[in-house]
Amino acid sequence: VSTEAVRPLRSGAEGLPVALVCPSGACRVRPSGATALDLTGLNHITVEGFVFEGKVVTWANGSEGNQLRRIEVRPRPGGPYPEINAGCGRDNTLESFVVEAPRDTNVTPLAIGVNCTAPARDMRSTFRNGFVRGGRNAVSLASCDDCVLDGLTVLGAWNHTFSIDGDVTNLTVRNSVFLA
């Protein structure tokens, strides 16, 4: 168990990503702060096979080409709320992921949020083969162009299961189930 948040020191390049891989799929990151993984402003990062306890920032502030696979995001006792926060990037992918959040009636973060503040946009983000359970609000999209939700199962949110909160264009949703 790592008690340090994961934040790569540098970006990779197209065709030469920085790779953070846990082959067993059981590497646990339990940071002392709220954020377990932060890829803000980083490009071409591959993260695979980790369990994060707390907030995960998969891409933000122009991140491009990040690939996250086989990750799980969950709470830790008395710790930060589990969430995946993405936005304002291009050509990023999150696939084969699980978010387990406590069902919550208080104001809490989203389980998954794609959020940009205008004029910035998120472009061509793909969320594939994911499972989200619980939380107050589960999945929210804002300022997202050509984004894809494929093979998501989202259930058990107390308030909103799926919401489009802002200017979203050319959204593709397929093979997905959203249940309150």
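Now for a look at the structure at hand. If you're wondering where the values come from, they're calculated on a predicted model, not measured in any experiment.

Counting through the fold element by element, D150 comes out in strand β15 (residues 148–150). At 3.3 Å, the side chain of D150 forms a polar contact with the side chain of R174. A polar contact of 3.0 Å, which involves the side chain of D150, links it to the side chain of N175. In this view, D150 contacts F127, R128, N129, R174, N175 and S176; residues no more than four positions away in its chain are not counted.

What follows covers the sheet that holds strand β11 (residues 122–123). One open sheet holds the three strands; their spatial order is β11-β14-β18, and the pairing between them is parallel. Looking along the sheet, the strands with just one partner apiece sit at the ends: β11 and β18 (168–169). For β11 and strand β14 (residues 144–145), the ladder comprises two bridges, and the chain directions are parallel. Within β14, the residue paired with M123 across the bridge is D145.

Here R76 is to be found in the loop between β7 (67–74) and β8 (83–86). Of the side chains with opposite charge, E53 lies nearest to the buried R76, which makes no salt bridge, at 5.3 Å. At 2.5 Å, the side chain of R76 and the backbone oxygen of P31 are in polar contact. A polar side-chain atom of R76 sits 3.5 Å from the main-chain carbonyl oxygen of S32. The residues contacting R76, other than those within four sequence positions of it, are R30, P31, S32, G33 and E53.

Calculation rules
- Residues numbered from 1 in each chain as written.
- Predicted model: local features only at pLDDT ≥ 70, side-chain atom pairs only at ≥ 80, totals over all residues.
- Heavy atoms only, no water.
- Helix = DSSP H or I, 4+ residues; strand = E, 2+ residues; numbered from the N terminus.
- Polar contact = N/O pair within 3.5 Å; in protein donor to acceptor, adjacent residues only side chain to side chain.
- Contact = heavy atoms within 4.5 Å.
- Pairing = 2+ DSSP bridges.
- Buried < 20%, exposed > 50% of the residue type's maximum accessible area, 1.4 Å probe, protein only.
- Lys, Arg positive; Asp, Glu negative; His and termini not counted.
- Salt bridge = Lys/Arg side-chain N within 4 Å of Asp/Glu carboxyl O.

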